[in-house]
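# Observations on the model geometry
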Amino acid sequence: MAAPLYAWPWEVLGSCKVVVYGFLLAKALYSRYQEESMKDAWSLHIFIVCMLRLLMYQAWTSYSNMLFLTRNRQIVKKGVDFTQIDKEWNWDNFILLQALVAGVALYIFPTSATLAVWNKTGITTAIALHVAISEPLFYTIHKSFHGNYLFTNYHSLHHSSPVPQPYTGGDLSLLTSINFALINVSAMYHSLHHTEMDSNYCLFMPLFDALGNTLNTKWDMHKKNSLDSGKNGRVPDFVFLAHVVDLSSAMHAPFVVRSVASHPYYTRTYLKPFLPVSFVAMLLMWAKSKTFLVSFYNLRNRLHQTWTVPRFGFQYFLPFAAEGINKQIEEAILRADRLGVKVISLAALNKNEALNGGGTLFVQKHPNLKVRVVHGNTLTAAVILNQIKDASEVFLTGATSKLGRAIALYLCKKGVRVLMLTLSTERFRKILKEAPADCQKNLVHVTKYQAAQNCKTWIVGKWITPREQNFAPSGTHFHQFVVPPVLPYRRDCIYGNLAAMKLPEDAEGLGCCEYTMKKRVVHACHAGGVVHSLEGWTHHEVGAIDVDRIDLVWEAALRHGLKPVTTIINY
């Protein structure tokens, strides 16, 4: 059972707690339009201050998560994981509390509402109150909360976050926040305090820590971080080279809104007004940006990072943009090679066959690469194939693509009849010749969707319209490896998501979801690069998929603790 005054009284309200801010704004509007006076402007002032403080915390949190700027300045070299993000979800409770405290104080001391702030008297008064009351009182109360009872029952919540961030400053129990709220807001003198908790209790002024003999004098860590900020830091063992999908999903990055990125992507209505900002960011990245670091996690003492090519999905289909995109990918691969990265895996459109031959272009151009370039499609094929159980016939679109070819050849060897949809007889015959003579009868060339009217297992490698989906019989399961996924049009059918695997349980520092994937789940091509790295394989995995390695890669993935996931897209 929680200690008294541990929980917040508005916890049951959830996100509806923001109506308190609405009351402040309503009070200000009432004073302005009904009484034709701003004598009660204090409510508006409190509202504005609260909004500014929320914005400030969001801005600093966004900055701290811009790893391409801050990764070498971090004191704690760990990733902010889902557990910490969920724990700090209500970090803004203390700002709401302070709004209430300020409102009550102004009712009790109404003359304080007329105190000037933007002149010498107001500024002098504010500084005097802070130095003479806020700082020493904060120091005393904060230090007392590190006593056994108060720390165990209240303040330990704040210190339970392994990676201090601005939001961590607001992750407090009610009693802790009440005591801090009566003084000020901002407890940012914290980095070393969280490392060594018997020091640095002050708010802004080390004076009282010095007087109380609790000042942490170990500034070497800060100095080293500043001096090393321009260096590369620890070299990752594995890099997943991603790209932006569209304007909306661009706002799913962890440095935009951390809480949004910690959940699977979907179009959020409240972010739509910011689409113009995303559009401007897209133009700036197209003009100036280079590949940058977005996120990282650790797996068995190996550093895994996600880098993003600053290009959006539609740009990959612009003929004049192809050269520039390949240059971005090539520079990322060469940078990884210089750093000493062991494996770099190409995501989705970065390995487009028409763009660079599934990565073959870079390997042929740079035959002496030490970094292994991987498209990860071998594991993608394995995931899809292991979702298909007891099927005697499948309908395959995108049948002559890299994945389509591998899936068709694998299934035909297993005695499964494959209806291969393609308009190219030449491509079909080329794949047919690769199949063993006694299995070639299982590959059937079809040119229309009507040919699958009685087939309940569809493997979708090319986007299909709702009209084309109507040719599938009721109860059809749509497996897919098409980006973006097809729209779930049929209520009487099952729609699988893109091939994916859950990372091993000992993966640490995971705090953002990979596009539409659930927590700790990554696309199969990402997982394929992880397996390549863990196994220490020395070959490049580019170009056509080696069908004979599909089972080998699948077994390696399971052996290393990766787990298959079956994700169904809701209608």
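Residues numbered from 1 in each chain as written. Predicted model: local features only at pLDDT ≥ 70, side-chain atom pairs only at ≥ 80, totals over all residues. Heavy atoms only, no water.

Applied cut-off: UniProt positions are given in the numbering used here, feature names are shortened, and annotations may be inferred rather than shown by experiment.
Named according to an unreviewed UniProt entry, the protein is Very-long-chain aldehyde decarbonylase CER3 originating from Sesamum angustifolium. Turning to the protein, the UniProt record has this under Subcellular location (unreviewed entry): "Membrane".

### Focus: the overall build of the protein
Quick note on the threshold: Helix numbers and strand numbers start at the N terminus; a helix is a DSSP run of H or I with at least 4 residues, a strand a run of E with at least 2. Here the term buried applies to any residue with accessible area under 20% of the maximum for its type, exposed to any over 50%, and partly exposed to those in between, with areas from a 1.4 Å probe on protein chains only. The contact criterion used is simple: two residues touch if any of their non-hydrogen atoms lie within 4.5 Å. Method for areas: the Shrake-Rupley scheme with a 1.4 Å probe, in which residue coverage is limited to the protein chains shown.
Counting secondary structure elements, the protein contains 22 helices and 15 strands. Here the C-alpha coordinates of the protein stretch approximately 95 × 55 × 50 Å along the principal axes. When the 571 residues of the protein are sorted by exposure, 51% land in the buried category. Across the protein, the fraction of contacts at a sequence separation of at least 24, relative to all contacts at a separation of at least 6, is 68%. Accessible surface computed for the protein: about 28200 Å², of which carbon and sulfur atoms make up 60%.

### Notes on the pattern of salt bridges
Definition in use: We define a salt bridge as a contact between a side-chain nitrogen of Lys or Arg and a carboxyl oxygen of Asp or Glu at a distance within 4 Å.
Tallied over the entire structure, the rule returns 14 salt bridges. Here Lys342 and Asp237 are joined by a salt bridge, their closest N and O atoms 3.2 Å apart. Placement of Lys342 in the loop between helix H14 (322-339) and strand S4 (343-346) and of Asp237 in the loop between helix H11 (220-228) and strand S1 (238-243) is noted, with a sequence separation of 105 residues between them. Note that Asp492 and Arg490 form a salt bridge whose closest N and O atoms lie 2.9 Å from each other.

### What about the UniProt feature "domain: Very-long-chain aldehyde decarbonylase CER1-like C-terminal" (unreviewed entry) in the protein?
UniProt records the feature "domain: Very-long-chain aldehyde decarbonylase CER1-like C-terminal" (unreviewed entry) at residues 394-564, using the numbering of this structure. Between the first and last C-alpha atoms of residues 394-564 the distance is 21 Å; the span itself is 28% helix and 20% strand.

### Considerations on the nonpolar core
Heads up, the condition is: The definition of a nonpolar core used throughout is a set of buried Ala, Val, Leu, Ile, Met, Phe, Trp, Tyr and Cys residues joined through side-chain atoms within 4.5 Å.
Leu379, Leu443, Ile459 and Ile550 are the most contacted members of the largest nonpolar core, which totals 61 residues. Here the element with the most residues in this core is helix H18 (residues 402-413); it accounts for eight residues. What Ile459 contacts, discounting residues up to four positions off in sequence, is Ile384, Ile388, Val394, Phe395, Leu396, Thr397, Ile407, Leu411, His479 and Phe481. Among the nonpolar cores identified, the runner-up in size contains 26 residues, and Leu67, Ala332, Leu346 and Leu369 belong to it.

### A closer look at the sheet that holds strand S12 (residues 500-502)
Note the threshold: Two strands pair if DSSP finds at least two bridges between them.
On the basis of which strands lie adjacent, the open sheet formed by three strands has the order S14-S12-S15 and antiparallel pairing. In this open sheet, the two strands that pair with only one neighbour each are strand S14 (521-523) and strand S15 (563-564). Pairing analysis gives two bridges linking S12 to S15, with the strands arranged antiparallel. Its bridge partner lying in S15, Met501 is registered against Pro564.

### Notes on the UniProt feature "transmembrane region" (unreviewed entry) in the protein
Sites flagged by UniProt as "transmembrane region" (unreviewed entry) map to residues 12-30, 42-60, 95-118 and 269-287. Each end of residues 42-60 is marked by a C-alpha atom, and these two atoms are 27 Å apart; helix forms 100% of the span and strand 0%. Between the end C-alpha atoms of residues 269-287 there is a gap of 28 Å, over a span that is 68% helix and 0% strand.

### Describing the sheet that holds S4
The following threshold applies: Note on geometry: axes are C-alpha line fits, over the in-contact stretch for helices, and angles between N-to-C directions span 0 to 180 degrees.
The mixed open sheet is built from six strands, whose spatial order is S5-S4-S1-S3-S2-S13. Every interior strand has two partners, whereas the edge strands, strand S5 (372-374) and strand S13 (507-508), have only one. Where S1 meets S4, four bridges bridge the pair, whose relative direction is parallel. The residue of S4 that forms the bridge with Val239 is Ile344. The strands that helix H21 (residues 524-535) touches are S1, strand S2 (292-299), strand S3 (302-309), S4 and S5; relative to S4, the one it contacts most, it runs at about 165 degrees.

### Details of H14
Since the α-helix advances by 3.6 residues per turn, residues separated by three or four positions end up pointing in the same direction. Rules: Here the expected span of a helix is defined as 1.5 Å times the quantity of residues minus one.
Its 18 residues place the ends of H14 26 Å apart at the C-alpha level, agreeing with the 26 Å of an ideal helix rising 1.5 Å per residue. Three or more residues of H14 are buried, namely Ile325, Asn326, Gln328, Ile329, Glu330, Ala332, Ile333 and Ala336. Of the surrounding secondary structure, the elements contacted by the buried residues of H14 are S1, S3, S4, helix H15 (353-356), helix H16 (360-365) and S5. Directly after H14, the chain includes Gly340, whose backbone phi takes a positive value near 105 degrees.

### A look at H21
In this model, H21 (12 residues) spans 16 Å end to end at C-alpha, consistent with the 16 Å of a helix rising 1.5 Å per residue. Among the residues of H21, those classed as buried are Ala524, Cys525, His526, Ala527, Gly528, Gly529, Val530, Val531, His532, Ser533 and Leu534. Of the residues trailing H21, Gly536 is marked for its positive phi of about 75 degrees.

### So, the pairing of strand S8 (residues 443-446)
So the rule is basically this: A clockwise course of the path from the first strand over the helix to the second, judged with the strands pointing away from the viewer, identifies a crossover as right-handed.
Where strand S7 (residues 417-421) lies against S8, four bridges are found, and the strand directions are parallel. Paired with Leu421 across the strands is Val446, a residue of S8. Once you follow S7 into helix H19 (residues 425-434) and on to S8, the crossover reads as right-handed.

### Considering the packing of helix H17 (residues 377-385) against H18
Quick note on the threshold: Relative orientations are named as follows: roughly parallel for angles under 35 degrees, roughly antiparallel for angles over 145 degrees, roughly perpendicular for angles from 65 to 115 degrees, and oblique for any other angle. Crossings are assigned a handedness: left-handed for a near helix turned anticlockwise from the far helix by less than a right angle, right-handed for a clockwise turn.
Contact pair H17 / H18: the axes reach a minimum separation of 10 Å and the direction vectors enclose 50 degrees. Classified by the interaxial angle, the pair formed by H17 and H18 is oblique. Once H17 is placed against H18, the crossing between them reads as right-handed. Residues Asn377, Thr380, Ala381, Ile384 and Leu385 of H17 form the contact with H18, whose own contacting residues are Lys402, Leu403, Ile407, Tyr410 and Leu411.

### As for the pairing of strand S9 (residues 457-460)
Across the two faces of S9 the burial is the same, with Thr457 and Ile459 and Trp458 and Val460 all buried. Here strand S6 (residues 393-396) pairs with S9 via two bridges, running parallel. Bridge pairing in S9 places Leu396 opposite Ile459. Bridge count between S9 and strand S10 (residues 477-480): four bridges; the pairing is parallel. Within the sheet, the bridge partner assigned to Val460 lies in S10 and is Gln480.

### Considering the packing of aromatic side chains
This is how it is decided: Two rings from Phe, Tyr or Trp (for Trp, the six-membered ring) form a pair when their centres sit within 6.5 Å of each other. Planes less than 30 degrees apart are called stacked, planes more than 60 degrees apart edge-to-face, and all others tilted. Working rule: Lys NZ or Arg CZ, within 6 Å of ring centre, within 35 degrees of ring normal, means a charge sits over the ring.
Tallied over the entire structure, the rule returns 18 aromatic pairs. Aromatic pair Tyr57 and Phe94: ring centres 5.6 Å apart, planes at 70 degrees, arrangement edge-to-face. Residue Tyr57 is found in helix H2 (residues 42-64), and its partner Phe94 is found in helix H5 (residues 93-108); the two are separated by 37 residues along the sequence. When the ring of Phe68 is compared with that of Phe255, the centres are 5.6 Å apart and the planes differ by 85 degrees; the resulting orientation is edge-to-face. With Phe68 in helix H3 (residues 67-70) and Phe255 in the loop between S1 and helix H12 (258-261), this pair connects stretches of sequence that are 187 residues apart. On the basis of relative accessibility, which here comes to 18%, the residue Phe255 falls in the buried class. Positioned over the ring face of Tyr266 is Arg268, at 4.0 Å from the centre of the ring.

### A word on the side chain of Arg311
Here is the rule we go by: In this count, Lys and Arg are taken as positive residues and Asp and Glu as negative ones, while His and the chain termini are left out.
Here Arg311 lies in the loop between S3 and H14. Buried charge without a partner: Arg311 forms no salt bridge, and the closest opposite charge is Glu331, 8.4 Å away. Contacts of Arg311, omitting those with residues within four sequence positions, involve His243, Val244, Met285, Trp286, Tyr316, Ile325 and Gln328.

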